[in-house]
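Coordinates in review
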Amino acid sequence: MEQRLATAVDTAEPLIGSWGFIPHPSTAELAASVGYDFVVVDAEHSPMSDETVAEMLRGIDAADGDAETMVRVADDDPTTLQRTLDLGPDAILVPMVDTPKQAERIVRAARYPPSGSRGIGPARSTGYSLSLAEAVEANDDAFGLHVQLESEQAIDNAAEIAAVDGVDGVFVGPMDLSLSMGGLGEYDTDRFQTAVDRALTAAREEAVAVGTLATDATEREQRLAWGVDYLVAGVDLLHVADGAKEALAHSRDLVGDE
């Protein structure tokens, strides 16, 4: 299958994905089944174990369609990166990357020798040892590596981070970025917009992809207008909440009409 998340910068149209926070493979499989280009499995802000992440990846891969898989890892620890990559996602997303040196360490930890320090084992990514040699040969071409820019320090270093060999994309994290600026959710300020423009310019100059998250119709329209290469168009928890509230409100209205 084509590695679209690894080469998102070259797509004719932005990839559209869904964010999986609910730790169950059925919701991930459902999201993949409705036609999203990719599904993000969130292992940073959810109670997912490695086993749960693995089952969610299997659910996405088993679904009708060709949705790719991205795991947002918990941190940049080499063990975290290796254990996640062993599960065989199409891409990983590393949170809170603030400096080019940090990005370089992440790339080294994600690559097999001689270009990196990742160990190899009988995991899902190697066909449970049946394709060890092929996995080593594919190395960093086997997955996309994306890093999140979520602070003013990250924005200040965006050009250098995007220039790190092995970084396939930068992901602007709107909530944390706005929080770092002292205004959670204040996306219309000149300060926030300038930060976004800097990230976009840095990525374009280095020919790496830019992604971001939107949680409602207004945000989707605004963030696609940024010119991103991939967009997470919503979060499963919010889809459930929105649907539940809509059904409740409609039912209350019907009861009131009786």
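A brief look at the structure comes next. (Residues numbered from 1 in each chain as written. Predicted model: local features only at pLDDT ≥ 70, side-chain atom pairs only at ≥ 80, totals over all residues. Heavy atoms only, no water.)

1. Section: the overall build of the chain
Counting its regular elements, the chain contains eleven helices and eight strands. By the compact-globule yardstick of 18 Å for 258 residues, the chain fits well, its C-alpha radius of gyration being 19 Å. Burial analysis of the chain (258 residues in total) assigns 47% to the buried set. A fraction of 61% describes how many contacts in the chain between residues 6 or more apart in sequence connect residues 24 or more apart. For the chain, the computed accessible surface area is about 12200 Å², with 52% contributed by carbon and sulfur atoms. (Helix = DSSP H or I, 4+ residues; strand = E, 2+ residues; numbered from the N terminus. Rg over C-alpha atoms; globule rule 2.2 N^0.38 Å. Buried < 20%, exposed > 50% of the residue type's maximum accessible area, 1.4 Å probe, protein only. Contact = heavy atoms within 4.5 Å. Areas by Shrake-Rupley, 256 points an atom, 1.4 Å probe, with all protein chains shown as cover.)

2. Focus on the sheet that holds strand β3 (residues 68-72)
Pairing is parallel around the closed barrel formed by eight strands, whose spatial order is β1-β2-β3-β4-β5-β6-β7-β8. Neighbour to neighbour, the strand axes of the sheet diverge by 25° on average, direction disregarded. As judged from the four bridges shared by strand β1 (residues 15-20) and strand β2 (residues 38-42), these two strands associate in the parallel manner. When the bridges of β2 are listed, Gly20 appears paired with Val41. This element, helix α9 (residues 190-206), spans β5 (144-149), β6 (169-172) and β7 (209-213) of the sheet and lies at about 150° to β7. (Pairing = 2+ DSSP bridges. Axes fitted to C-alpha atoms, helices over the stretch in contact; angles between N-to-C directions.)

3. Some remarks on the nonpolar core
With 56 residues, the main nonpolar core has Val41, Val53, Val94, Leu145, Val147 and Leu149 as its most contacted residues. Sort the elements by how many residues they give to this core and α9 lands first, with seven residues. In this structure Leu149 touches Val97, Ala154, Ile155, Ala158, Ile161, Val170, Phe171, Val172, Gly173 and Ala199, once residues within four positions along its chain are discounted. Leu5, Ala8, Leu93 and Phe171 belong to the second-largest nonpolar core, a separate cluster that totals 15 residues. (Core = buried A, V, L, I, M, F, W, Y, C linked by side-chain atoms within 4.5 Å.)

4. A look at the environment of Leu149
With respect to the helices and strands, the residue Leu149 is situated in strand β5. In this structure the C-alpha to C-alpha distance between Leu149 and Leu177, which are 28 residues apart in sequence, comes to 7.4 Å.

5. Points about unusual backbone geometry
Pro114 follows Pro113 through a cis peptide bond whose omega is 10°. Looking at where Pro114 falls in the secondary structure, it is placed in the loop between α4 (100-110) and α5 (132-138). Backbone geometry at Tyr128 places phi at a positive 55°, although glycine is not the residue there. Along the chain, Tyr128 turns up in the loop between α4 and α5.

6. Comments concerning the pattern of salt bridges
A complete count under the given rule lists 14 salt bridges for this structure. A salt bridge links Glu219 to Arg223; its shortest N-O distance comes to 3.2 Å. Here Glu219 and its partner Arg223 are both found in helix α10 (residues 217-225), four residues apart, which amounts to about one turn of the helix. Comparing Glu219 with Arg223 shows no difference in burial state: the two are buried. Taken together, the salt bridges that share partners define one network made up of Arg4, Asp37, Asp66 and Glu68. (Salt bridge = Lys/Arg side-chain N within 4 Å of Asp/Glu carboxyl O.)

7. A closer look at the pairing of β6
With burial as the criterion, each face of β6 is covered, one bearing Gly169 and Phe171 and the other bearing Val170 and Val172. Where β5 lies against β6, four bridges are found, and the strand directions are parallel. Bridging across to β6, Gln148 finds its partner in Phe171. Both β6 and β7 contribute to a ladder of four bridges, which runs parallel. When the sheet's bridge partners are listed, Gly169 is paired in β7 with Ala209.

8. Considerations on α10
Owing to its 3.6 residues per turn, the α-helix aligns residues three or four sequence positions apart on the same side. Where α10 begins, the side chain of Asp216 points an oxygen toward the backbone nitrogen of Thr218, at a separation of 3.2 Å. Looking one or two residues beyond α10, the residue adopting positive phi is Gly227, at roughly 95°. (Polar contact = N/O pair within 3.5 Å; in protein donor to acceptor, adjacent residues only side chain to side chain.)

9. Comments concerning the packing of aromatic side chains
Summed over the entire model, instances satisfying the criterion amount to five aromatic pairs. Ring geometry for Tyr187 against Phe192: centres 5.2 Å apart, planes inclined by 50°, an arrangement best described as tilted. Since its relative accessible area comes to 14%, Tyr187 is described here as buried. A residue is classified by how much of its surface remains accessible, and Phe192, at 0% relative accessible area, is buried. In this structure an aromatic cluster arises from ring pairing among Trp19, Phe38, Phe171 and Tyr230. One residue, Arg223, lies across the ring of Tyr187, its end atom 4.5 Å from the ring centre. (Phe/Tyr/Trp six-rings, centres within 6.5 Å; stacked < 30°, edge-to-face > 60°. Lys NZ or Arg CZ within 6 Å of the ring centre and 35° of its normal.)

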